Amino acid sequence: SASLVGSEMCIRDRIVPDYFRRNKIQKGKGRKKMIKVAPSILSADFAYLADEIKKIETAGADWVHIDVMDGAFVPNLTFGAPVVKNIRKVTDLFFDCHLMVNNPEQYIDDFADAGADMVVVHAEATKHLHRCVQYIKNKGMQAGVALNPASPLCLVEEILPDVDMVLLMSVNPGFGGQSFIETTVPKIARLRKMINDAGLNIEIQVDGGINDKTSKLVREAGATVLVAGSYVYGAADTKAAIASLKA
């Protein structure tokens, strides 16, 4: 039955097929990724967005995290590809575009043309995740898949060999400045085990409530890319705030 199939697919410790191991084990085995910080411009001053991006670049940010919201998948509206195209002119930092939108495949061409380096789509937002991920990669960008806090890891299990990153939301998406959901920590650890057992070389990004205290928890669990908005942009010393997330 459909319920039995769904239950079977969601077993967390399901054995990864041997061909995944043969093809991928050397790629991921033994590599320790450097921690990256990706400040979210959702918390920036939009009136001075170019300056706000330059500020985090000077302060040591690794990526720029760009939260795209459609007011339907999440209860907020932000910005789209035209903004990405314009801010691409002011920095060479890696653009990590997190699409919190329904039917994200409709927008991939626009973000590719705007200069996105990576597009991250929600597993919950598209009916054809594999097709969407392949299209992102065919457009010359890295591909990521995101999960909301209540979404199980089994939703991304089958797509892991095809993605560059998995984003685990540690708040419910839609607004900045929310409190960290502590159950994200063991979820990160389970995902890291799933990735390591498959011999894959995939970033784990965590987004929501990240600060100097929660960053330590998620790093120890296996996260490698930390998104921080209000903690970075609200800090008196931006450079020290970014450094503290890696300390």
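Scroll up to find the structure.
Residues numbered from 1 in each chain as written. Predicted model: local features only at pLDDT ≥ 70, side-chain atom pairs only at ≥ 80, totals over all residues. Heavy atoms only, no water.

A. Local environment of the pattern of salt bridges. Summed over the entire model, instances satisfying the criterion amount to eight salt bridges. The partner of Asp-109 in a salt bridge is Lys-139, with the nearest N and O atoms 3.4 Å apart. Taken together, the residues span a long stretch of sequence, with Asp-109 in helix H5 (residues 108–114) and Lys-139 in the loop between helix H6 (129–138) and strand E5 (142–147) at a distance of 30 residues. On the basis of relative accessibility, which here comes to 35%, the residue Lys-139 falls in the partly exposed class. In the salt-bridge network here, residues are joined through shared partners; they are Lys-33, Lys-36 and Glu-203. (Salt bridge = Lys/Arg side-chain N within 4 Å of Asp/Glu carboxyl O. Helix = DSSP H or I, 4+ residues; strand = E, 2+ residues; numbered from the N terminus. Buried < 20%, exposed > 50% of the residue type's maximum accessible area, 1.4 Å probe, protein only.)

B. Just helix H11 (residues 238–246), in detail. Listing the buried residues of H11 in full gives Thr-238, Ala-241, Ile-242, Ser-244 and Leu-245. Considered in projection along H11, the buried side chains sweep an arc of 155 degrees and stay on one side of the axis. Contacts from the buried residues of H11 go to strand E1 (36–39), helix H3 (49–58), helix H9 (214–221), strand E8 (225–228) and helix H10 (230–233). (Arc of directions from axis to C-beta. Contact = heavy atoms within 4.5 Å.)

C. Fine view of the nonpolar core. By size, the foremost hydrophobic cluster in this structure holds 64 residues, and its most contacted members are Ile-41, Ile-66, Phe-111, Leu-160 and Leu-191. Here the element with the most residues in this core is helix H8 (residues 184–197); it accounts for five residues. Discounting residues that sit within four places of it in the chain, Ile-66 has contacts with Ile-41, Phe-79, Val-84, Ile-87, Phe-95, Asp-96, Cys-97 and His-98. Among the nonpolar cores identified, the runner-up in size contains twelve residues, and Met-118, Leu-167, Met-169 and Val-227 belong to it. (Core = buried A, V, L, I, M, F, W, Y, C linked by side-chain atoms within 4.5 Å.)

D. Quick peek at the environment of Lys-85. Of note, Lys-85 is situated in helix H4 (residues 81–87). Residues Lys-85 and Ala-116 lie 31 residues apart in sequence; the distance between their C-alpha atoms is 8.3 Å.

E. Structural detail: unusual backbone geometry. Even without a glycine there, the phi angle at Asn-103 is positive, about 50 degrees. In this structure, Asn-103 sits in the loop between strand E3 (94–100) and H5.

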